[in-house]
Every structure is written in structure tokens, then in C-alpha cells.
Amino acid sequence: MTERIALRTENLTKRYGGVVALAGVDVSIRPGEVTALLGENGAGKSTFVACCSGARAPDDGAIHLDGVEQRFRSPHAAAAAGVAVVHQEPQMLEDQTVAQNVNVAMLAGGGRQVLSRTRVEALAGDQLASLGLAHALDPAQPIRRLSGAQRQLVEIARALVIEPKVLFLDEPNASLGDEETELLFGVVGRLRSRGVAVVLISHRLRDVYRIAERVVIMRDGSKVADGSVDEYPIDAAIGLMGGRPRRRDAAAVPAAACESPRRAEPVPEPVLELRGISGRGFSDVDLVIRPGEIVGMAGLVGAGRTEIAHGVIGAAPLRGGEVLVEGVPRRLRSPGDAIRHGIVYVAEDRKDAVFYDKSIAFNVRASLLGPRRVGSGRPRERAVGRLVATLAGRLSVKAPSLEADAASLSGGNQQKLLFARAVSVEPKLLILDEPTHGVDIGTRHEIHGLIRQLAADGMAVWVISSELDEILDLATRIVVVRLGRIETEVTAGHDPIPILAAAMGAATADQGTS
């Protein structure tokens, strides 16, 4: 007897320009089974889900639903065929009730039947009860009064109204506490018993392994493993997600590791010291960064790394703890205040930082027009011009002239522009949030070279990156953040597997289970 397959992909391929996001992925998802789709950030999981649910059209390959090849032209078409997705960030109608949000597809269907509010709430009550959520959600409650965890449960209930054959749950428990996670797993268990094929994408591996029967592991756009949870226990899965530690060439070795052996020198005083700082999304963080160091901050998206940086530079308020700059306690109240004390932050999103209708030269010298470091004067215009030209040349900003508009530059060159602007004020500490996000491999190599050179010149550099390879290539010291806390700290050259395990909250065998 042929085994029934709810969803099957053959050679599923997706490219974004020169980047291969999916490289010929073959996967079979069975009805009445929970399959965990695992991988690091950027492994291709989200692209796979997008192609299977009509949000993206694959460039090659085929998708079969119950044995019939499908070409979904939209998420609506996929949902009509029986493929539903619950996203990590729920999209809710804020002014409507739980019942109206759960039944939004029916209410927007354009049928002739007009349902009263009482009837809609009764329908939603029945739907919630069938999922074991009756005590967790009140159908009459306005969405705007719900917690993040409750919103996630509403999103799940809404997806199930269409009675899907295949349900993708994308980080469904990322914002859930223990109690809500148990509710979620109860819902998943009911769906499994109904024959729904459930695909669970989550970085909380201990939770995943409690509920999943099978795992599909992805890395760099390819499927690297597919089997039962017994075949691929947590330790094995983490190893496959991270890949083998790769040999690093000379160009990829941190600057400090390239120096010749020398006699021990006094350890320099920290540029930045954090003592138990807490704020929105993080708590009790201790961290020390010294001149010449590249401190890599690893962790999953949403772990709290950017929030920590925002708290340090005054972009978000601190609720406790102490920030010391060169040994002196400081309460930095704004990014401008941070610049005045020698700390510059380069954000991940360049859209809000680049002045697109201004020249390259204006963009580079923009920081010189704003707050200046304590004790430093404002340079003369001629000196500024020389500095702009020097920095643009040093970063190999490719443009016909420095008077060309920033909008004419590629994304990679716009990123270099922000680097040049940050370096122009000669900071003591440079904080880089996802410094190579969205740039090509050549630009990435140039940016890494600049970071190493700045550290070799004595600048302290704090790199936040979701790409573990980038952290391993650059950092002289690595801290791992999970759930807003520093989980562990390791030195450069460390095996990447325990780092990945710490980020996911799953101890490897040699770390124990504590």
C-alpha cells in the first residue's frame, strides 16, 4: 500500500538575484504527523514555507498536495486548497473582537447571509472549545486588550477555520510562556489526531522534541537531513544545522589572532562595562568590552541583542543596572549623548539612516554636523573634505564622485557610507548591528577587513549578527544572548556547536542538561 503524503516538494528552488535561497529541496510531509523544520537563521526555512503557501513563486521544482501538483498564485489560493500558515507576528484587526478575528475569512467572504455579533461569537466559542482554548480566550474580548501570547492563539484559531490539510506554524511559541505553550501543544495534538499535517518551525528545540515525530534539517538553502527524532536527537540536529567547524583562511582570522607572540602586556581598561543592566526585552546583563577587541554578540532573531544595544546608547530606557564608559558611570539618554561619550551605533536598517537625496559627501560628514565627542572640537571644512575623501577611499565606496546622490549607490555601498559616517567621529566603541545584512559577498569581505583594521588600530568593536559564521570569522570573544540574558561567553576559535546550542537553549551532551 502506497504511503499517503499530504505535501511533497520536488527540487524546490528559489533564487533572489545571485543568492540561492532554496537549492533543490525534496521534502515529504505526512498527514497526522508533526514535522519539525529546523535550521539556523538564513537556512531557507521561511523561503520554503513561502513557496509552499503561495507567498513566493518557486523558480523551479514542483509542489504536490495530496498527490496533485499545485501552482499557488497567492496565499489565498493556497489556503483555499488547504495550506495554512500561522506567522510569528500575528496580523490582527485591532478594533475587532476575538470572534470577528477568528472568523474574518467568513465575514469578508461577500456572501448574502448577514451574521449577528451574537452568532459570530457563538461560532467562535465552538471553534475555540474544539481546540481546548475556551478558557483561554473570550470571543467577545477586543483584540487590543490581549497579550502577545493570546494574540498568537487567536492567529492559530483563525488559521484552523479553513480546516487545513497542511498547517505551517512559524515560531508559534516564540512569545508564549510555559502555560500558553502547553495550550499550543494541546491544539497541535488535536490537529494531529484529526489527520492534519503539522509543520513546526521553532528554535526552542526542547519544546520541538516533545511534540514532533520527524525532523527536516536545512542549512544554506539545502536539506541536509530528514528522519525521525530518534534518528536525529538534539545534539545531532544542532551539529547538522551548524555544519562542521570550517577551516578559516588567513583573511578570515581576527586581527588579534594574526599578531606575533609577545610578552604579556597589561590588560587595557574597559571602554564599556555593563553591570546588571535591564530594560525592555533584556535583564541582568553584564558585559565588558576593551580597546582592540571585537566582541561578537550571537543569538537568534528576537533574543534581545539589539534591545541591549539600544539600552546602552540611550535609544530605549534602562530599568536598572549601571553603564560605565572608561570606568565612569554614565546614564546615556540618547544616541547623541552616546556619541558625545565616544560610542557610535550603526543600525541594521539603512533605510532610515541614509539621506538618499543628498550627496555621498554629505552623508559621510553628517555625523560631524551633529554631536561631537566630549573634548573634541569641530573640524574645519577643508579638513572635513579631506576626511570624507579618505574614508570613502578607504572603504572603496564605488561612485562616479563624492557629489553623486546616495540613492545612486548599491545597497552594499550605502552600508559602507554608514560605516564611513560612524568612523568619522573617531569613536572609542563602534556598535555594528547586522553589519553585512543584505550585501554581496565581495562587500561583506571588505567590511570584515575594515572591522579588523579598526580593532587593530585600537578601537573597541561590538558586532551583533544573526549569522554564526560572521561571528566566528570576526570575533575575538563571543557572548551568546538568549531570552534577553547572556547565556554563555567563549573565546575566538571555539567550536560553533555549543554556541548554537546555547542560542537555542539546548545543551549539547558535553555541556550537560543544566
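Heads up: these notes are all about the structure in this document. (Residues numbered from 1 in each chain as written. Predicted model: local features only at pLDDT ≥ 70, side-chain atom pairs only at ≥ 80, totals over all residues. Heavy atoms only, no water.)

This next bit is on the environment of Leu183. Looking at the secondary structure, you find Leu183 in helix 7 (residues 178-193). Leu183 gets classed as buried once you look at its relative accessible area, which sits at 16%. Residues Leu183 and Leu131, spaced 52 residues apart in sequence, show a C-alpha to C-alpha distance of 9.0 Å. Excluding its chain neighbours within four sequence positions, the residues that come into contact with Leu183 are Gly132, Leu133, His135, Ala136 and Leu153. (Helix = DSSP H or I, 4+ residues; strand = E, 2+ residues; numbered from the N terminus. Buried < 20%, exposed > 50% of the residue type's maximum accessible area, 1.4 Å probe, protein only. Contact = heavy atoms within 4.5 Å.)

Mapped onto the secondary structure, Asn101 falls in helix 3 (residues 98-102). Of the residues examined, Asn101 reaches a relative accessible area of 0% and is grouped as buried. Discounting residues that sit within four places of it in the chain, Asn101 has contacts with Met92, Leu93, Gln96, Ile143, Val154 and Arg158.

Not every positive phi belongs to a glycine, and Asp220 is a case in point at roughly 55°. Counting through the fold element by element, Asp220 comes out in the loop between strand 9 (214-219) and strand 10 (222-228). By relative accessible area, which is 61% here, Asp220 ends up exposed. At Glu434, a position not held by glycine, the phi torsion is positive, near 50°. When you line up the elements, Glu434 lands in the loop between strand 17 (429-433) and helix 15 (441-456).

The next point concerns the sheet that holds strand 14 (residues 318-325). The antiparallel open sheet is built from 4 strands, whose spatial order is 12-11-14-15. Of all strands in the sheet, those bounded by a partner on one side alone are strand 12 (282-289) and strand 15 (328-330). When the angles between neighbouring strand axes are averaged without regard to direction, this sheet yields 15°. Taken together, the 3 bridges between strand 14 and strand 15 define a ladder with antiparallel strand orientation. The residue of strand 15 that forms the bridge with Leu324 is Pro329. Helix 10 (residues 305-313) contacts strand 11 (272-279), strand 12 and strand 14 of the sheet and is inclined by roughly 110° relative to strand 11. (Pairing = 2+ DSSP bridges. Axes fitted to C-alpha atoms, helices over the stretch in contact; angles between N-to-C directions.)

This next bit is on the pairing of strand 2 (residues 19-29). When strand 1 (residues 7-16) meets strand 2, the two strands line up antiparallel, connected through 7 bridges. Opposite Leu7, over in strand 2, you have Ile29 as the bridge partner. Linking strand 1 back to strand 2 in an antiparallel pair, the connection comprises 2 residues, with Gly17 at a positive phi of about 65°.

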